[in-house]
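Residue-level listing of the chains:
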Protein chains: 2
Amino acid sequence: MQHLDRLVRALKRLPGVGPRQAERFAAYFLRASQGEVNEFITALSEVKSSVGLCPQCFAYSENDLCDICRDTDRNTAQICVVEDPQDIEAIEKTGAYKGLYHVLHGAISPLEGRGAEQVKVRELLARVQQASPRIEEIIIATDPDSEGETTALYLADLLRGQVGQITRIGYGVPLGADIDYMDEMTLGHSLKGRTKI
Amino acid sequence: MQHLDRLVRALKRLPGVGPRQAERFAAYFLRASQGEVNEFITALSEVKSSVGLCPQCFAYSENDLCDICRDTDRNTAQICVVEDPQDIEAIEKTGAYKGLYHVLHGAISPLEGRGAEQVKVRELLARVQQASPRIEEIIIATDPDSEGETTALYLADLLRGQVGQITRIGYGVPLGADIDYMDEMTLGHSLKGRTKI
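Residues numbered from 1 in each chain as written. Chains lettered and ligands numbered in written order. Predicted model: local features only at pLDDT ≥ 70, side-chain atom pairs only at ≥ 80, totals over all residues. Heavy atoms only, no water.

**With respect to the overall build of chain A**
Turning to step 1, where the next piece is worked out: Looking only at helices and strands, chain A features eight helices and seven strands.
Turning to step 2, where the next piece is worked out: Across its three principal directions, the C-alpha atoms of chain A cover 60 × 35 × 35 Å.
Turning to step 3, where the next piece is worked out: The burial tally for chain A puts 52% of its 197 residues in the buried class.
Turning to step 4, where the next piece is worked out: When contacts within chain A are restricted to residue pairs at least 6 apart in sequence, those whose partners lie at least 24 apart make up 55%.
Turning to step 5, where the next piece is worked out: Surface accessibility of chain A: about 9200 Å² in total, with carbon and sulfur atoms responsible for 49%.
Turning to step 6, where the next piece is worked out: Each charge class in chain A can be summarised by its mean position, and for the 22 positive and 29 negative side chains these summaries are 2 Å apart. (Helix = DSSP H or I, 4+ residues; strand = E, 2+ residues; numbered from the N terminus. Buried < 20%, exposed > 50% of the residue type's maximum accessible area, 1.4 Å probe, protein only. Contact = heavy atoms within 4.5 Å. Areas by Shrake-Rupley, 256 points an atom, 1.4 Å probe, with all protein chains shown as cover. Lys, Arg positive; Asp, Glu negative; His and termini not counted. Charge placed at Lys NZ, Arg CZ, Asp CG, Glu CD.)

**Quick notes on the side chain of Asp87(B)**
Turning to step 1, where the next piece is worked out: Here Asp87(B) is to be found in helix H5 (residues 85-94).
Turning to step 2, where the next piece is worked out: Of the side chains with opposite charge, Arg24(A) lies nearest to the buried Asp87(B), which makes no salt bridge, at 6.1 Å. (Salt bridge = Lys/Arg side-chain N within 4 Å of Asp/Glu carboxyl O.)

**Some points on the nonpolar core**
Turning to step 1, where the next piece is worked out: In this structure, Leu11(A), Phe29(A), Leu11(B) and Phe29(B) are the most contacted members of the largest nonpolar core, which totals 44 residues.
Turning to step 2, where the next piece is worked out: Listed by contribution, the elements that provide at least two residues to this core are helix H1 (2-12), helix H2 (19-31) and helix H3 (34-50) of chain A together with helix H1 (2-12), helix H2 (19-31) and helix H3 (34-50) of chain B. (Core = buried A, V, L, I, M, F, W, Y, C linked by side-chain atoms within 4.5 Å.)

**Quick notes on the packing of aromatic side chains**
Turning to step 1, where the next piece is worked out: Using the criterion set out here, one finds eight aromatic pairs over all chains in the structure.
Turning to step 2, where the next piece is worked out: The interplanar angle of 65° and the centroid separation of 5.1 Å between the aromatic rings of Phe29(A) and Phe40(A) together place this pair among those described as edge-to-face. You can see Phe29(A) sitting in helix H2 and its partner Phe40(A) sitting in helix H3, a full eleven residues away along the chain. Neither Phe29(A) nor Phe40(A) differs from the other in exposure class; each is buried.
Turning to step 3, where the next piece is worked out: Between Tyr97(B) and Tyr101(B) the ring centres are 5.2 Å apart and the planes differ by 65°, which places this aromatic pair in the edge-to-face class.
Turning to step 4, where the next piece is worked out: Taking relative accessible area as the criterion, Tyr97(B) reaches 3% and is therefore assigned buried.
Turning to step 5, where the next piece is worked out: Among the aromatic residues, ring-to-ring pairing joins Tyr28(A), Phe29(A), Phe40(A), Tyr28(B), Phe29(B) and Phe40(B) into one connected group. (Phe/Tyr/Trp six-rings, centres within 6.5 Å; stacked < 30°, edge-to-face > 60°.)

**Looking at empty space enclosed by the protein**
By rolling a water-sized probe across the atoms, one finds the places where empty space is left.
Turning to step 1, where the next piece is worked out: Counted by the stated rule, this structure contains one cavity of 30 Å³ or more.
Turning to step 2, where the next piece is worked out: Counted as a void, the largest cavity has a volume near 30 Å³.
Turning to step 3, where the next piece is worked out: In terms of lining residues, the largest cavity is bounded by Tyr28(A), Phe29(A), Glu36(A), Val37(A), Phe40(A), Ala10(B) and Arg13(B).
Turning to step 4, where the next piece is worked out: Those elements giving two or more residues to the lining of the largest cavity turn out to be H2 and H3 of chain A.
Turning to step 5, where the next piece is worked out: Counting residues per element, the lining of the largest cavity draws most heavily on H3(A), which supplies three residues.
Turning to step 6, where the next piece is worked out: Tallied by class, the residues present in the lining of the largest cavity amount to five nonpolar, no polar and two charged. (1 Å grid on protein atoms, 1.4 Å probe; cavity = no way out; pocket = protein on both sides within 12 Å on 5 of 7 lines; lining within 4 Å. Points joined across faces, edges and corners; volume = space filled by probe spheres on them. Nonpolar A, V, L, I, M, F, W, Y, C, P; charged D, E, K, R; others polar.)

**A word on the packing of H3(A) against H2(B)**
Turning to step 1, where the next piece is worked out: Between H3(A) and H2(B), the least distance of the axes is 9 Å, while the angle of their chain directions is 55°. Regarding the angle of H3(A) to H2(B), the classification is oblique. For the pair H3(A) and H2(B), the sense of crossing is right-handed. The segment H3(A) lies against H2(B), with Leu44(A), Val47(A) and Lys48(A) engaging Phe29(B), Leu30(B) and Arg31(B).
Turning to step 2, where the next piece is worked out: A per-class count over the contact of H3(A) with H2(B) returns four nonpolar, no polar and two charged. (Axes fitted to C-alpha atoms, helices over the stretch in contact; angles between N-to-C directions. Parallel < 35°, antiparallel > 145°, perpendicular 65-115°, else oblique. Left-handed = near helix turned anticlockwise from the far one by under 90°.)

**Examining the relation of the copies chain A and chain B**
Turning to step 1, where the next piece is worked out: Mapping chain A onto chain B calls for a rotation angle of 179° and an axial translation of 0.0 Å; the resulting RMSD is 0.1 Å. Interpreted geometrically, this transformation is the action of a two-fold axis. Among all residues of chain A, the one whose C-alpha sits closest to the rotation axis is Ile41(A), at a distance of 3.2 Å.
Turning to step 2, where the next piece is worked out: Same-surface contact between copies: 100% of interface residues of chain A are shared with the interface of chain B. (Least-squares fit on C-alpha atoms with pLDDT ≥ 70 in both.)

**Focus on the interface of chain A and chain B**
Accessible area lost on assembly of the parts is the figure often given for the size of an interface.
Turning to step 1, where the next piece is worked out: Counting residues at the interface gives 50 residues for chain A, matched by 51 residues for chain B.
Turning to step 2, where the next piece is worked out: Taken over both partners, the interface formed by chain A and chain B buries close to 5400 Å², and the fraction arising from carbon and sulfur atoms is 59%.
Turning to step 3, where the next piece is worked out: Among the residues of chain A in contact with chain B, Arg20(A), Arg24(A) and Lys48(A) are the three that bury the most area, contributing 14% of the side total.
Turning to step 4, where the next piece is worked out: Inspection of the chain A/chain B interface yields four salt bridges.
Turning to step 5, where the next piece is worked out: Glu46(B) is the partner of Arg6(A) in a salt bridge, and the nearest nitrogen-oxygen pair spans 3.0 Å.
Turning to step 6, where the next piece is worked out: Summed over the shared surface of chain A and chain B, the number is 18 residue pairs in polar contact (both at pLDDT 80 or more).
Turning to step 7, where the next piece is worked out: Only H1, H2, H3, strand E2 (60-61) and helix H5 (85-94) of chain A provide two or more residues apiece to the side of chain A that touches chain B.
Turning to step 8, where the next piece is worked out: In terms of residue count, H3(A) provides more of the side of chain A that touches chain B than any other element does, 14 residues in total. (Buried area = accessible area lost by both parts, 1.4 Å probe. Polar contact = N/O pair within 3.5 Å; in protein donor to acceptor, adjacent residues only side chain to side chain.)

This is the structure we're talking about:
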């Protein structure tokens, strides 16, 4: 069953998916109608061809600038820095934040040999330096683990004096957790209770 | 982000996948190389075009008869009846069974209005009646839940007198569990300790 094995292998690459779950997914596709499978393939192909990164904040975007960067109702003097694009949706759901974002696409990790140049730090610095009027606040919302903390401290050092203030979300987010799995209440509190660093 | 939303909706249809996991899967595809995504699409398309059902046992097969039905080393006088194609792999891993299979593709469920004609029961009866020499044993390995029990009793009534004996795997499989999530030891024991019904 080489074709089926190949699909199971491809499905095992999905994050957090083990052999049994990959087999269940493959069984779903085998049972599904040809129309459903075609819809899936079309959605996947279109996402790869149409979704890129916003040139300003590096969130996923289907246009040039993303929806949030283009939204004239947002507070452009506030930038919330996150590790991953899906963190944005988690924060948006709280309704507690009306500024812009900046996606690092990872965190600084000396142990894994990932330095500031491997994430979108230079782009954040350029964005802050080019901003007119000056950015009032950078809210650092990296994950509360050692890489996220390292990144937060690095950014605080780098940006100090270049923006009004630098804050870090803190209140309510338990250590070791993942920002984008957090419930809305906790994340909302952590935004309101942010502390200056 | 209509294209991304569409992919997330398609991913949510996978069994057991919620909104957050679907978003994580979509993020994986966005990060993956075009080559990886193409490989995935090819595997999926080929599975749909090349994998069918074995005309004898209704397992998934890429040829006419499946590998097990074509294997001349198997005991053709024994048929193990399972609900789903993935149950076969779970039983094969135990190494405790060398007969053939019959996949019902579901279980009889009066509550959901699924009768014997919606699963491959008629095909099993025809297979038993046409078998020469006579089938010595039918091992019923439906899931140990109410639908699986109903199906087992229905099959026992239907096939009594037409085969040497009808047995039901039992020993070791906890009630409410799913055959294809079972560990190999438990399944191996349940095959060895099967009881006559």
